Amino acid sequence: MATLLIDTLFHYREQGEYKLHAFVVMRDHFHALLTIEGKGTIERVMQKIKGGFSYRARAELGFRGEIWQRGFTDERVWDAEQFISVRRYIYDNPVRRGMVAVAEDYPFSSAHAKFRKPQGLKPSIS
């Protein structure tokens with residue numbers, strides 16, 4: 001399911017909904033550092049991500065049941081220092097949970113090498 005959520009994040013990024021700066025998909029939640037494009041809103045973007053993922057989980061994986069709780073938490077980033085701090089927080093989430101020793105070892109995070117790519121190339125999410 002984590003791979004499907006990552007694919008959903010990239011899908012809406014490629015549609016121009018947002019810039020995706022960092023993400024991590026955990027067992028019970030995910031974090032994403034986004035810049036909303038155009039006249040979009042965070043509410044609309046989250047509706048697309050959660051709705052798109054739910055639809056695909058049901059259609060492609062046969063998932064039956066509730067996937068998301070209501071709502072989400074957002075935090076506005078005001079400067080470069082805070083951006084770096086939030087990105088580090090996202091990357092280190094699996095480390096704080098004791099899942100990996102270093103963030104780069106967690107396979108469902110933009111900290112992982114498979115998502116570090118030269119500009120213009122699509123990442124591998126298999």
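Up top you'll find the structure we're talking about.
Residues numbered from 1 in each chain as written. Predicted model: local features only at pLDDT ≥ 70, side-chain atom pairs only at ≥ 80, totals over all residues. Heavy atoms only, no water.

Novice: Just give me the short version of the nonpolar core, but keep the residues and values in it.
Specialist: With 19 residues, the main nonpolar core has Leu 9, Tyr 18, Leu 20, Phe 23, Val 25, Phe 30 and Ile 49 as its most contacted residues. Elements with a contribution of two residues or more to this core: helix H1 (2-14), strand E1 (18-25), strand E2 (30-36) and helix H2 (42-61). Val 86, Ile 90, Tyr 91 and Ala 111 belong to the second-largest nonpolar core, a separate cluster that totals 11 residues. (Core = buried A, V, L, I, M, F, W, Y, C linked by side-chain atoms within 4.5 Å. Buried < 20%, exposed > 50% of the residue type's maximum accessible area, 1.4 Å probe, protein only. Helix = DSSP H or I, 4+ residues; strand = E, 2+ residues; numbered from the N terminus.)

Novice: Explain the packing of aromatic side chains to me, using residue names and the numbers behind them.
Specialist: Counted according to the given criterion, the structure contains six aromatic pairs. Cluster of aromatic residues (ring-pair linked, three or more members): Phe 10, Phe 23 and Phe 115. Against the face of Tyr 89 rests Arg 96, its NZ or CZ located 4.0 Å from the ring centre. (Phe/Tyr/Trp six-rings, centres within 6.5 Å; stacked < 30°, edge-to-face > 60°. Lys NZ or Arg CZ within 6 Å of the ring centre and 35° of its normal.)

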